[in-house]
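# Examining the three-dimensional arrangement
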Amino acid sequence: MLSDGDLENLKAIDLENCFIGENRYTSETLGFQFAFLYQHQLNEFITETIYDQIVESQLAGWKAIQKDRFDLFYKHFKHHGADRKERHLIPKTGHLIQLNTDGRAG
């Protein structure tokens, strides 16, 4: 969190989803992050259709995103949660944990 113009009193409040450094799985990580934001909070305030349109418009400026990899993570996690282990592994492995037939991680 940043105060306006006050860089002396910076405070880290939540770094659980923070990844520092190069990420070989930017498409997968970004897909998860956009989905997590919608699934965890924004679905109470905005329709999925409008959110999808916003995400599409934002992706237009990202030339390095592999759309098929982004979509796999975005579409899955927009409706399914991820435990801490899975959230931790996405930027490191670029893989989904094996899914059960009901679409839940197992």
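Below: a short report on this structure. Here the structure is a predicted model, which is why all the values come from computation and not from measurement.

## Re the overall build of the protein chain
Scanning the protein chain from N- to C-terminus turns up four helices and zero strands. For the protein chain, the N- to C-terminal ordering of α and β elements is α-α-α-α. Considering the protein chain as a whole, with its 106 residues, one finds that 28% of them fall into the buried category. A fraction of 55% describes how many contacts in the protein chain between residues 6 or more apart in sequence connect residues 24 or more apart. Looking at the protein chain as shown, the accessible area adds up to about 7,800 Å², and 53% of this sits on carbon and sulfur atoms.

## Thoughts on helix H3 (residues 67–77)
Buried residues of H3: Phe70, Asp71, Phe73, Tyr74, His76 and Phe77, and no others. Those residues of H3 hidden inside the fold are in contact with helix H1 (26–40), helix H2 (48–59) and helix H4 (84–93).

Rules used in this analysis
- Residues numbered from 1 in each chain as written.
- Predicted model: local features only at pLDDT ≥ 70, side-chain atom pairs only at ≥ 80, totals over all residues.
- Heavy atoms only, no water.
- Helix = DSSP H or I, 4+ residues; strand = E, 2+ residues; numbered from the N terminus.
- Buried < 20%, exposed > 50% of the residue type's maximum accessible area, 1.4 Å probe, protein only.
- Contact = heavy atoms within 4.5 Å.
- Areas by Shrake-Rupley, 256 points an atom, 1.4 Å probe, with all protein chains shown as cover.

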